[in-house]
Amino acid sequence: MSRQNSFTFHVRDMSCGSCVGRVENALTAVKDVQSASVNLAAQTATVVMADGAGLRDVAVALSQAGYPAQLQTYRFSVENMSCASCVGRVEHALMAVPGVVHAAVNLAQEVATVEALAIPTEVISRAANEAGYPARLVTEDGGAQDVRDRKAMEETHLKFMTLLAAALTLPVFVLEMGGHMIPALHLWIMETMGMSVSWGIQFVLTTIVLAVPGRQFYLKGFPALLRGAPDMNSLVALGTSAAWGYSTVALFVPALLPAGSRAVYFEAAAMIVTLILLGRFLEARAKGRTGEAIARLVGLKASTARVERGGETIEVAVDDIVVGDLVQVRPGAQIPLDGTIVSGASYVDESMITGEPVPVEKSQGATVVGGTVNGAGALVFRATKVGSDTMLSQIIRMVEEAQGAKLPIQDLVNRITLWFVPAVMGIAALTFCAWLVVGPTPALGFAVVAAVAVLIIACPCAMGLATPTSIMVGTGRAAQMGVLFRRGDALQSLGDIQTVAFDKTGTLTQGRPELTDLTVTEGFTQRDVLRLVASVEATSEHPVADAIVRHAQHDGLTLAAVENFRSITGYGVSAVVEGQQILVGADRLMLREGIALDGVRDAGTLLGQAGKTPLYAAIDGQLAAVIAVSDPVKAGSAQAIAALHGLGLKVAMITGDNQATAEAIGSQLGIDVIVAEVLPEGKVTAMQQLQAGGRKVAFVGDGINDAPALAHADVGVAIGTGTDVAIEAADVVLMSGDLGGVVNAFHVSRRTMRNIRQNLFWAFGYNALLIPVAAGVFYPVSGLMLSPALAAGAMALSSVFVLSNALRLRWIKRPVAEETTRRGGKPAFVPAIAE
C-alpha cells in the first residue's frame with residue numbers, strides 16, 4: 001500500500017459554495033491526487049497524494065480552473081556559483097523538488113527565487129545543497145543584509161588571495177618568461193642557479209599558488225566533475241592541473257616524456273590562477289556596485305526617532321514604534337517612517353522616494369513617508385505604517401524582486417550554457433588529440449598548451465553575468481528615477497509596446513476640479529465677484545463648489561455669511577449675501593430667471609469646446625461673470641506625450657467623459673486615439689480594441705476602476721499617487737504623479753535591453769572567436785599559439801567588460817526634464833472676455 005501525504009495550501013478567488021465544488025473537481029481530476037477537500041471559510045484546500053511530485057500539476061489545474069493557488073515565494077542565498085552553467089544546474093535541482101512551481105537564479109546577486117506550493121523551505125535548501133550549491137533562506141529581518149555582508153567578506157578574501165597569488169607568481173614569471181624575453185637574464189639564470197634549480201623554485205612557488213589561493217578551484221571543480229555537472233571551476237582545475245602535472249613530470253621524471261618534449265609550464269598554471277582570481281575580485285567589486293541602489297535605499301532607513309510617550313519626548317528605536325505613536329521631526333532631520341501630520345508645517349525633500357527634486361509643502365493632514373528629509377520647519381506626525389509595511393520597505397522589496405527576475409531572453413542563455421562546459425571539455429579533448437596526431441615536435445607539449453588554453457578561455461562567466469547585472473543596475477537606476485518594476489519581465493515587455501493608453505481623470509489630469517477662468521462683466525471686479533460666489537458655494541458640497549471656494553481661500557478672501565441658501569437641482573444655487581441676491585449655475589438657470597446672456601454666450605460656448613464647464617453668476621438680477629471649472633491637465637502631461645511620440649509610440653486616451661470634452665483635451669495634448677464615454681467596466685473592452693491585430697498596449701491609470709485594464713494590458717503602469725488596488729494590479733509603479741515617469745520607464749527599458757544585447761553579443765562572440773584561436777587553428781598559417789596565461793587574462797577581462805558595461809546604466813539620464821513648479825500651486829486665470 002502506498003504511503004499517503006497530506007498537503008494544505010491557500011486558494012484564491014473562492015466566493016461561494018459552487019466555487020468549492022469547482023475547485024474540488026479540478027483537484028480530483030489531477031492524476032496523483034487521491035482525495036481533496038476545500039474549506040471556503042479558511043480559503044484553503046487539502047489534497048492527499050503519495051508524494052509531492054504532482055503538486056506542480058495541482059497548481060496548473062487550479063490556475064486553469066480560475067482559482068489559482070496561493071504560492072509561497074522564497075529567496076535563497078546560494079553559494080559556490082561561478083558561471084552560467086551553475087545557474088542552470090541550481091535551477092534544475094530546485095525544479096526537481098516536488099511542489100516547486102518556478103525557480104529563477106540570479107548569478108549577479110547569487111540569489112535564487114523560488115515559488116512553491118506547500119513545501120518546507122528546508123526541503124528546497126537541501127536540494128541545492130545536494131547539488132553542491134549551499135543555499136540559505138533570505139528572510140525579511142536582515143537576510144538581505146547578511147547576503148551583502150557575505151559578499152563584502154568574499155571581496156576582502158579574494159583581494160587577499162589575489163595579492164598572495166600575484167606575489168608568488170611574479171618570481172615564477174620572471175624566471176621562466178623573463179629568460180625568454182631577455183637573453184642576458186636567461187644567461188645569468190643558467191650561470192648562477194642552472195635550469196634544474198630554476199625549475200625547482202618555480203615548482204615550489206606554483207604548488208603553493210595552486211594549493212592555497214587556487215585551492216577553491218579544486219575543492220569545487222573536481223566534485224562537480226565527478227557529479228557529471230562540470231562548471232567553470234572544473235575547467236580551471238583541469239587546465240591548471242594538466243599544466244602543473246606535465247611540468248612536474250618534466251622536472252622529476254623526464255624519461256616518461258617523448259624525446260624533445262621536456263618543458264615546463266609552471267608559469268602558465270600560476271598565471272591562470274592569479275589572473276582568474278584577479279578577475280573574480282574585480283567581478284566582486286563590480287557586483288557590489290550593481291546593488292548600490294538597494295544599499296542606498298536601505299541606508300534611508302532611520303534607526304531611532306523622537307516619540308511622545310507618557311507626557312514626555314523620548315528617543316526610541318524605530319523598530320519599537322507602533323501605529324498611533326506621535327513622532328517629532330526636527331528641522332533638517334530624516335522622517336523615520338510613514339504617517340499623517342498632526343501639527344507643524346514644512347517643505348519635505350521626497351526626491352529619494354519619488355525621484356522629483358522639488359521639495360513638497362506639508363502641513364496638518366498631509367502624509368509623510370519614511371526616508372524623506374524634513375526642511376526648515378518642525379513637524380509632529382502620527383505613525384500610520386511601521387516595519388515592513390512602510391513605503392520604503394515596500395520599495396526595497398519591489399526593487400529586490402525586480403532585480404532578481406529572469407527575463408525571457410535569459411532562458412535561451414541558460415539552455416545554451418547548461419551544455420556549454422561539457423562541450424568545451426569535448427573541444428579541448430579533440431584539440432589535444434589533433435595536436436598529438438598532426439602537431440610539430442614536441443607534439444605533446446603543443447597538445448597540452450592548446451588544450452589548456454581552450455579549457456581556460458571558454459569559461460562562460462560573461463554569459464551568466466550578461467543579463468542579471470544589467471537588470472540589477474537598470475532597475476536600481478529606475479528606482480532612483482521614481483520608477484519601480486513590480487514584475488522584472490516588464491523591463492523586456494516594455495520594449496515591445498506599440499501603443500500607450502492613458503486613463504484621463506487623475507492620470508492625465510489633476511483628478512479634481514479647479515477654477516480656471518473668471519471673467520467679469522462691466523461694473524464688477526474679479527475679487528468682489530469671487531468672494532460673493534465663493535460665500536454661496538461654501539454651503540454646497542458639490543466638487544465644483546469646492547473648487548471655487550478653494551480658489552477664493554487661496555487668494556486670501558474672507559467669505560461672508562449666507563442667508564436663504566437654496567439648491568436648485570439641475571440648475572444651480574441661490575442665496576442672499578450682504579443683502580445681495582446671488583445666483584450661480586448653468587446657462588439654463590440664468591434663462592429661467594430672465595437674465596440675458598447675449599454678451600457672453602459665445603464665450604461660454606468656447607469654454608465648453610475647450611473641455612471646461614461654464615458657469616454663470618448674477619448679482620441682484622444682473623449678469624456679473626462667466627466662470628469656468630475643469631479638471632486641469634497635469635503640468636508635464638503634454639511634454640510626456642510628446643516624448644512618447646518621439647520614441648515612436650502611439651498614445652491613446654480612455655475616458656468616461658463626453659466626446660466633446662475628450663476631443664478638447666486630446667487635441668490639447670496631441671493624443672492619437674480617443675476612446676470616450678466609456679463606463680468603468682468598459683475599459684477592458686476598450687483595451688481589447690486597441691490590442692486588435694496583435695498590437696502590444698501599455699495602460700497607465702491610478703484608480704480602483706483602472707485595475708482590470710491594468711491587469712489586462714500587456715504592461716500595466718500605475719501612478720503611485722493612486723489606489724493600492726491599482727498598484728497591486730500593475731507591472732510598473734510610478735512613485736509620483738508626474739507622467740514623465742512613464743517616459744523614464746520606457747527609456748530605462750530600452751537602454752537596459754540594449755545593454756543586455758551588447759553584453760550577450762560580447763560574451764558569445766568572445767567565445768566563438770577565441771576558442772578556435774586557443775585551439776591553434778592559426779598556427780599553421782602564422783605560427784600564432786595562444787598562451788594559457790593569456791587565455792586566463794582574456795577570460796577574466798570578458799567578465800569585467802560585461803560588468804563594466806552594465807554599470808554604465810547607473811548614469812542613465814532622464815529624457816524628460818523635471819518640473820520646477822511646486823505642487824499645489826493655483827492655476828492662473830485665463831480671461832475669456834475683456835473686462
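Residues numbered from 1 in each chain as written. Predicted model: local features only at pLDDT ≥ 70, side-chain atom pairs only at ≥ 80, totals over all residues. Heavy atoms only, no water.

S.K.: Just checking my understanding: could you explain the overall build of the protein for this structure?
M.R.: Per the secondary structure count, the protein includes 31 helices and 29 strands. Across the 835 residues of the protein, 52% fall into the buried class. Summed over all atoms, the accessible surface of the protein reaches about 35700 Å², with 57% contributed by carbon and sulfur. (Helix = DSSP H or I, 4+ residues; strand = E, 2+ residues; numbered from the N terminus. Buried < 20%, exposed > 50% of the residue type's maximum accessible area, 1.4 Å probe, protein only. Areas by Shrake-Rupley, 256 points an atom, 1.4 Å probe, with all protein chains shown as cover.)

S.K.: Even after reading the chapter, I still don't get the packing of helix H7 (residues 194-211) against helix H9 (residues 232-252), so can you show me in this structure?
M.R.: Two quantities define a packed helix pair, namely the angle between the axes and the distance from one axis to the other. Relative orientation of the contacting elements H7 and H9 amounts to 150°, with a least axis distance of 11 Å. As the angle between them shows, H7 and H9 are arranged roughly antiparallel. Of the two elements, H7 crosses H9, and the hand of that crossing is left-handed. Taken together, the residues of H9 that come into contact with H7 (itself represented by Ser196, Trp199, Gly200, Phe203, Thr206, Thr207 and Leu210) are Thr240, Trp244, Thr248, Ala250, Leu251 and Phe252. Its residues placed into classes, the contact of H7 with H9 shows seven nonpolar, six polar and no charged. (Axes fitted to C-alpha atoms, helices over the stretch in contact; angles between N-to-C directions. Parallel < 35°, antiparallel > 145°, perpendicular 65-115°, else oblique. Left-handed = near helix turned anticlockwise from the far one by under 90°. Contact = heavy atoms within 4.5 Å. Nonpolar A, V, L, I, M, F, W, Y, C, P; charged D, E, K, R; others polar.)

S.K.: Mind showing me how you'd approach the side chain of Thr44 here?
M.R.: Looking at the secondary structure, you find Thr44 in strand S3 (residues 44-49). Not counting chain neighbours up to four residues away, the residues in contact with Thr44 comprise Thr8, Phe9, His10, Val11, Met14, Ser37, Val38 and Asn39.

S.K.: So what exactly am I meant to see when it comes to the pattern of salt bridges here?
M.R.: When their charged atoms lie close together, side chains carrying opposite charge are able to pair. On inspection of all chains with the given rule, the structure shows eight salt bridges. A salt bridge links Asp503 to Lys683; the shortest N-O distance between them is 2.9 Å. With a gap of 180 residues between them, Asp503 in strand S18 (residues 499-503) and Lys683 in helix H26 (residues 683-690) connect regions that are remote in the sequence. With relative accessibility at 6%, the residue Lys683 sits in the buried group. Among the salt bridges present, the one from Arg531 reaches Glu578, with a minimum N-O distance of 3.0 Å. Here Glu578 lies in the loop between strand S21 (572-577) and strand S22 (580-585) and Arg531 lies in helix H20 (residues 526-537), a separation of 47 residues in the sequence. Bridged by salt links that share partners, the residues Glu514, Asp546 and Arg550 form one connected network. (Salt bridge = Lys/Arg side-chain N within 4 Å of Asp/Glu carboxyl O.)

S.K.: Is there a simple way to think about the sheet that holds strand S2 (residues 33-39) in this case?
M.R.: Working definition: the strands of a sheet are paired by backbone hydrogen bonds and lie parallel or antiparallel to each other. Within the open sheet, the three strands sit side by side as S1-S3-S2. Their pairing is antiparallel. This sheet does not close on itself; its edge strands, each paired only once, are strand S1 (5-10) and S2. Across the sheet, the axes of successive neighbouring strands diverge by a mean angle of 20°, strand direction being ignored. In the sheet, S2 pairs with S3 via six bridges, with the strands oriented antiparallel. Within S3, the residue paired with Ala36 across the bridge is Val47. (Pairing = 2+ DSSP bridges.)

S.K.: I would appreciate a short explanation of helix H24 (residues 637-646) in the present structure.
M.R.: Every α-helix winds through 3.6 residues per turn, so residues three or four apart in the chain are directed the same way. Within H24 the residues assigned to the buried category are Ser637, Ala640, Ile641 and Leu644. Projection of H24 onto a plane perpendicular to its axis shows the buried side chains occupying an angular sector of 95°, all on one side. Elements that come into contact with the buried residues of H24 comprise S18, helix H19 (504-508), strand S25 (650-654), helix H25 (659-669) and helix H29 (740-775). The positive-phi residue at the C-terminal boundary of H24 is Gly648, with phi of around 85°. (Arc of directions from axis to C-beta.)

S.K.: What is the right way to look at the pairing of strand S12 (residues 346-349) in this model?
M.R.: The side chains of a regular strand alternate, residue by residue, between the two faces of the sheet. Here S12 shows a clear split, with Ser346 and Val348 buried on one side and none of Tyr347 and Asp349 buried on the other. Where S12 and strand S15 (residues 373-374) come together, two bridges link them in antiparallel fashion. Its bridge partner being in S15, Asp349 is matched across the sheet by Val373.

S.K.: What exactly am I supposed to notice about unusual backbone geometry here?
M.R.: When glycine is set aside, most residues are seen to have a negative phi, and most peptide bonds are trans. Its identity is not glycine, yet Asn564 carries a phi of approximately 50°, on the positive side. Of note, Asn564 is situated in strand S20 (residues 562-568).

S.K.: What is the right way to read the packing of aromatic side chains from this model?
M.R.: Aromatic ring pairs are described here by two measures, namely the spacing of the ring centres and the angle between the planes. All chains considered together, the criterion is met by 10 aromatic pairs. On the numbers, 6.0 Å between centres and 25° between planes, the contact of Phe203 with Trp244 is stacked. With Phe203 in helix H7 and Trp244 in helix H9, this residue pair connects regions lying 41 residues apart in the sequence. On the basis of relative accessible area, Trp244 is assigned to the partly exposed category, the value being 27%. Relative to Tyr779, the ring of Trp435 has its centre 5.5 Å away and its plane inclined at 70°; by these criteria the two rings are edge-to-face. Taken together, the residues span a long stretch of sequence, with Trp435 in helix H15 (residues 420-438) and Tyr779 in helix H30 (residues 779-782) at a distance of 344 residues. Site record: aromatic cluster; members linked through ring pairs are Phe203, Trp244, Phe252 and Phe266. A cation sits over an aromatic face here: Arg592 above Tyr571, 5.0 Å from the ring centre. (Phe/Tyr/Trp six-rings, centres within 6.5 Å; stacked < 30°, edge-to-face > 60°. Lys NZ or Arg CZ within 6 Å of the ring centre and 35° of its normal.)

S.K.: I keep staring at the pairing of S21 and nothing clicks. Help me out?
M.R.: Of all six residues in S21, six are buried, a share of seventy percent or more. Burial along S21 is two-sided: Gly572, Ser574 and Val576 facing one way and Val573, Ala575 and Val577 facing the other are all buried. Note: S20 against S21, five bridges, orientation antiparallel. From the neighbouring strand, Arg566 faces S21, where its bridge partner is Ser574. Adjacent in sequence and paired antiparallel, S20 and S21 are bridged by three residues, among which Gly570 carries a positive phi angle near 85°. Sheet analysis places S21 next to S22, joined by six bridges and oriented antiparallel.

S.K.: Could you clarify how one ought to interpret the UniProt feature "transmembrane region" (unreviewed entry) in the protein in this entry?
M.R.: As recorded in UniProt, the feature "transmembrane region" (unreviewed entry) lies at residues 158-175, 195-214, 235-257, 263-282, 416-438, 444-467, 760-779 and 785-804. From the first C-alpha to the last, residues 235-257 spans 24 Å; its make-up is 78% helix and 0% strand. When the span residues 760-779 is considered, its composition is 85% helix and 0% strand, and the gap between its end C-alpha atoms is 29 Å. (UniProt positions renumbered as here; feature names shortened; annotations may be inferred.)

S.K.: Would you mind showing me how to read the sheet that holds strand S11 (residues 338-344) here?
M.R.: Strands sit in the order S9-S8-S10-S16-S11-S14 across an open sheet of six strands; the sheet is antiparallel. Two strands bound the open sheet, and with one partner strand each, they are strand S9 (312-317) and strand S14 (367-368). Relative to strand S16 (residues 379-385), strand S10 (residues 326-329) is paired through four bridges, and the arrangement is antiparallel. Looking at the pairing, Gln328 lines up with Val380 of S16.

S.K.: Explain the side chain of Ser346 to me, please; I cannot follow it from the model alone.
M.R.: On the secondary structure map, Ser346 appears in strand S12. Given the relative accessible area of 6%, Ser346 is considered buried. In this structure the side chain of Ser346 is engaged in a polar contact, spanning 3.4 Å, whose partner is the backbone nitrogen of Gly375. Not counting residues up to four positions away in its chain, the partners in contact with Ser346 are Val360, Glu361, Lys362, Asn374, Gly375, Ala376, Gly377 and Leu379. (Polar contact = N/O pair within 3.5 Å; in protein donor to acceptor, adjacent residues only side chain to side chain.)

S.K.: Could you clarify how one ought to interpret a nonpolar patch on the surface in this entry?
M.R.: On the surface, a nonpolar cluster with roughly 250 Å² of combined accessible area is contributed by Leu170, Phe173 and Val174. Secondary-structure assignment places Leu170 in helix H5 (residues 143-181). We classify Leu170 as exposed; its relative accessible area is 54%. (Patch = residues over 30% accessible without salt bridge, like charges linked within 9 Å, V, L, I, M, F, W, Y side chains within 5 Å.)

S.K.: Looking at this model, I keep getting lost on helix H31 (residues 788-807). Mind explaining?
M.R.: When the terminal C-alpha atoms of H31 are compared, their 29 Å separation across 20 residues agrees well with the 28 Å that a helix rising 1.5 Å per residue should span. Counted residue by residue, H31 has 14 buried out of 20 residues, so it is predominantly covered. (Expected span 1.5 Å × (residues − 1).)

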